[in-house]
Amino acid sequence: MRPDAGNGPLPARTSIKVQTVRYVEVAVGLPVQTTFHYSVPKQLQEQAAVGKRVRIPFRNRQLIGYIVGVVGRPEGFSVKPILEVLDQDPILGPDLVELTRWIGKKYLAGWGETIEAALPGPIRKGRLMMKSRSPEPAVEVSPSSPLPLNAEQKQALDSILAAVNRREHRVFLLHGVTGSGKTEVYLQAIQEILSQGKTSIVLVPEISLTPQTIERFQARFGAKTVAVLHSAMLESQRLQEWHRIRLGEAHVVVGARSAVFAPVQSLGLVVIDEEHEPSYKQEDAPRYHAREVAITRAKAFQAPVILGSATPAIETYYQATQRRIELLPLRSRIEEVPLPQVEIVDMRQEFGRGSRGKIFSRQLEETLAQTLTSRQQAILFLNRRGFSPFIHCRGCGQILRCKSCQVTLTYHMDTRSMVCHTCHSEQPAPEICPKCRSEYIRFQGIGTQRVESELARLFPQASIARMDTDSMKARGSHAKLLSAFRRHEIDVLVGTQMVAKGLDFPRVTLVGVISADTALNLPDFRSAERTFNLLTQVAGRAGRGALPGKVILQTYTPHHYGIVAAGRHDYLAFYQQEIEARRQCGLPPFTHLVQLTVRSLGENKALEYAKKIAQTLRRCLLSEVQILGPSPAPVHRVRRNYLWQLLLKSPEEVHLKEPLAAALREVSASRGCRLAIDVDPL
Ligand code: ADP
Ligand code: ZN
Ligand code: ZN
């Protein structure tokens, strides 16, 4: 066994045609940047092949590894033999072997770790493959046929199909508001790919993988042709879908982030809907972005990629202005439904009226009353769950915080508990202050539960429901609540960003945003972008039927460009101000970022290690790479661990990654400290 410099030049691999495989390169699912060499005993030489799982001796234990290469006789070191080959056929095709290698290098993650992110759970855990199966999706959907396209849709489809027919890898940005007919364009492009005998992958954010979305694809192509992959499915179902894709039974894959690794043959097209969604970035190692991975995967097949959004990521739109991505605009809504009228309410003025502590402005309260009187529906949005985000003791002035994370505890009224939204720990809400024993405990600030209870007080005759992760814990509760809302058994739906996406209810004529500022105040350079996107999405929930819609945005910063542009439904105005701000501050897309986070139970230990890394980096990296920190992470303590961060910033990607990987190899590990590397952090 010899570690191989994973980021250096890879060892020459002999052709796979070699009859007997004597030595192999194996990746293991550990956070290591290296691969390992093993010998193959004679009786396994016919079975061993790239893309198969093997059982290997590793230090003092046994592990499952993945053959990623066939190598020549190692010189100057001895190798151990593999113990078993687990698969008859490779579980990873050559394209996925190459793709996972690329991800490991791009995101400074382990190759084996990346391979494991690409495989379904049971396969990763070493379960053997079932030989034959006859999976039969049980759904019945009424078929739909292609609609005659409008001029802009047709132009978009023509551009995409031209690339398909030239077998050209191009990236398209289909930019249009919800209801502008993007999905219909995807469907017709996929239709053409199917008729050429090729496969398509459609990525959608987890939250929009609703039965309605899935049904649209099944209705057009038949349930058997469509495979669905998402995390709410049982592992066995997911595995079954994975097999259907592998065996070439399903030619269209619809799924969340990790569906980008679906084991398709001859990929013809990738669609990424709502391409700006942060959920496309994986939070744990390998910290890949599904958009970048999809583009790289499609390139290997010379297949085009369609990115769709009403509010493209700033980076994506910038690429379009640079003509590296082809912009396909859909400027109008199909049914000519006008976008809802937006009213921005300055809450500072509301305070002037002596309504401190009130949740609803006068405008919102009056419009709600009108909506209810005319038997229409409303959605109220607040991106903060719980009853109140601060538990404050007036006796000693303390705000109660989580003992292990130091973040403020949120009071939850339904369970009468205080919850840490970072580590999810929960304890009974105190009646007296744990510090000074005073009885004067106050719950401050607003969460969705408080909005719900205030609504019930103001409008006792209305039927109100709440949709957030607390109220939607049970499987199926989400769908149940939505269908009750559709049947108009609910008048007002209160919720977090769960209500922001994809809901299409014709009787909803009012959308109220309780506080447009919650995301603006986060210490993150993308906070304006997040706010604009979220407000645009929420606003799009109003007036989707024949009745005109109205949106009320309550804010303390009514002149912020993100809020003003959202009020006017003006993406370009927002983009132009935002890209200028990014240029001036030297932020992406004008620079590349890597964030390093050190975590340890000992505060000093974490800081010392972060300092040591910073020193090495300052010595090894070019001076144009800025190294900021170490500084405490925005959430400095998580589950008793202390977190310190370094941020690296470079105008050129090449000066960043490989030199960083090399520099990090020089820093020896520190006991009790863990280092997380996030390339292009969100
Ligand atoms: P988006 O994906 O941009 O939200 P959709 O593709 O879902 O838009 O289209 C919105 C609605 O308009 C859907 O009900 C869809 O069936 C319908 N639609 C789309 N394109 C056409 C068309 N060319 N003619 C008639 N109806 C269309
Ligand atoms: Zn107190
Ligand atoms: Zn906590």
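Residues numbered from 1 in each chain as written. Chains lettered and ligands numbered in written order. Predicted model: local features only at pLDDT ≥ 70, side-chain atom pairs only at ≥ 80, totals over all residues. Heavy atoms only, no water.

Undergrad: Quick one: what's the story with unusual backbone geometry, residue by residue and with numbers?
TA: Of the consecutive residues Pro588 and Pro589, the connecting peptide bond is found in the cis state with omega at 10°. Of note, the bond from Gly629 into Pro630 is cis; its omega dihedral lies within 30 degrees of zero at 10°. For Pro630, the location among the structural elements is in strand β26 (residues 626-638). If you check the backbone angles, Arg640 has positive phi at about 75° while not being a glycine. If you trace the backbone, Arg640 turns up in the loop between β26 and β27 (641-650). (Helix = DSSP H or I, 4+ residues; strand = E, 2+ residues; numbered from the N terminus.)

Undergrad: Tell me about the coordination of the zinc ion (ligand 2), residues and numbers included.
TA: Protein-derived coordination of the zinc ion (ligand 2) comes from Cys393 (SG), Cys396 (SG), Cys433 (SG) and Cys436 (SG), at a distance range of 2.2 to 2.4 Å. Along the chain, the residues that donate to the zinc ion (ligand 2) are spaced as C-x2-C-x36-C-x2-C. (Donors = N, O, S within 2.8 Å, 3.2 Å for Na, K, Ca; no water.)

Undergrad: If you had to explain the site of ligand 1 to someone new, which residues and values would you point to?
TA: The environment of ligand 1 is formed by 15 residues, the closest being Pro148, Gln153, Gly179, Thr183 and Arg216. Between ligand 1 and Lys182, the relevant distance is 2.9 Å, taken from an oxygen atom to a main-chain nitrogen or oxygen of the residue. Between ligand 1 and Thr183, the relevant distance is 2.5 Å, taken from an oxygen atom to a side-chain nitrogen or oxygen of the residue. Here ligand 1, which alone exposes 550 Å², has 72% of that area covered by the protein. If one sorts the elements of the shell around ligand 1 by residue count, helix α5 (residues 182-195) sits on top with 3 residues. Among the residues making up the shell around ligand 1, the classes are represented as 5 nonpolar, 7 polar and 3 charged. (Near = heavy atom within 4 Å. Polar contact = N/O pair within 3.5 Å; in protein donor to acceptor, adjacent residues only side chain to side chain. Areas by Shrake-Rupley, 256 points an atom, 1.4 Å probe, with all protein chains shown as cover. Nonpolar A, V, L, I, M, F, W, Y, C, P; charged D, E, K, R; others polar.)

Undergrad: Give a detailed account of the pairing of β26, specifying residues and quantitative values.
TA: Pairing analysis gives 7 bridges linking β26 to β27, with the strands arranged antiparallel. What sits directly across from Ser631, in β27, is Gln645. The loop that links β26 with its antiparallel partner β27 comprises 2 residues; one of these, Arg639, has a positive phi angle of about 45°. (Pairing = 2+ DSSP bridges.)

Undergrad: Would you mind going over the domain arrangement of the protein in detail, with residue names and values included?
TA: Taken domain by domain, the protein comprises domain 1 (23-124), domain 2 (151-335), domain 3 (337-389 + 445-581) and domain 4 (592-679). Using C-alpha coordinates to define each centre, domain 2 is positioned 29 Å away from domain 3. Domain 2 puts 21 residues into the contact, and the matching count from domain 3 is 25 residues. Both faces combined, the contact of domain 2 with domain 3 buries some 2,000 Å², and carbon together with sulfur accounts for 56% of it. Summed over the three residues of domain 2 that lose the most area to domain 3, namely Ile207, Ile314 and Arg333, the buried surface amounts to 34% of that side. Seen at the junction of domain 2 and domain 3, the total is 1 salt bridge. Put simply, Glu315 and Arg526 hold a salt bridge, and the shortest N to O gap is 2.7 Å. Our enumeration of links across domain 2 and domain 3 arrives at 5 residue pairs in polar contact (both at pLDDT 80 or more). The dominant element in the side of domain 2 that touches domain 3, judged by the number of residues it contributes, is helix α9 (residues 314-321), at 5 residues. When its residues are assigned to classes, the side of domain 2 that touches domain 3 shows 10 nonpolar, 6 polar and 5 charged. (Domains from an automatic or database assignment. Contact = heavy atoms within 4.5 Å. Buried area = accessible area lost by both parts, 1.4 Å probe. Salt bridge = Lys/Arg side-chain N within 4 Å of Asp/Glu carboxyl O.)

Undergrad: Describe the sheet that holds strand β28 (residues 673-679), and please don't skip the residues or the numbers.
TA: On the basis of which strands lie adjacent, the open sheet formed by 4 strands has the order β26-β27-β25-β28 and antiparallel pairing. The sheet is open, and its two edges are formed by β26 and β28, each paired on a single side. Geometrically, the sheet is characterised by an average inter-axis angle of 20° between neighbouring strands, direction not taken into account. In the packing of helix α18 (residues 657-666) onto the sheet, the strands contacted are β25 (592-600), β27 and β28, and the crossing angle to β28 comes to about 175°. (Axes fitted to C-alpha atoms, helices over the stretch in contact; angles between N-to-C directions.)

Undergrad: Talk me through the packing of α5 against helix α6 (residues 211-221); I want residue IDs and the actual numbers.
TA: One way to put it is that α5 packs onto α6 with a least axis distance of 11 Å and a crossing angle of 40°. Compared by their axis directions, α5 and α6 come out oblique. You can see that α5 and α6 cross each other, and the crossing is right-handed. Listed contacts from α6 to Thr183, Glu184, Leu187, Gln188, Ile190, Gln191 and Leu194 of α5 are Arg216, Phe217, Arg220 and Phe221. Classifying every residue of the contact of α5 with α6 by side-chain character gives 5 nonpolar, 3 polar and 3 charged. (Parallel < 35°, antiparallel > 145°, perpendicular 65-115°, else oblique. Left-handed = near helix turned anticlockwise from the far one by under 90°.)

Undergrad: I'd like a description of the packing of aromatic side chains, backed by residues and values.
TA: The final tally for this structure, using the stated rule, is 12 aromatic pairs. Ring geometry for Tyr571 versus Tyr575: centroids 6.2 Å apart, planes at 20°, classification stacked. With a gap of 4 residues between them, Tyr571 and Tyr575 both fall in helix α16 (residues 571-585), about one helical turn apart. Relative accessible area serves as the criterion here: at 6%, Tyr571 is assigned to the buried category. Here the aromatic cluster, defined as three or more aromatic residues joined through ring pairs, consists of Tyr317, Phe532, Tyr561, Tyr571, Phe574 and Tyr575. (Phe/Tyr/Trp six-rings, centres within 6.5 Å; stacked < 30°, edge-to-face > 60°. Buried < 20%, exposed > 50% of the residue type's maximum accessible area, 1.4 Å probe, protein only.)

Undergrad: Mind laying out helix α13 (residues 477-486), listing which residues take part and the relevant values?
TA: Each α-helix winds once per 3.6 residues, and so residues spaced three or four apart point in a common direction. Within α13, burial applies to Ser477, Leu481, Leu482, Ala484 and Phe485. In an axial view of α13, the angular spread of the buried residues amounts to 160°, which keeps them on one side of the axis. On its buried side, α13 packs onto β15 (377-381), β21 (464-467), β22 (492-495) and β23 (508-513). (Arc of directions from axis to C-beta.)

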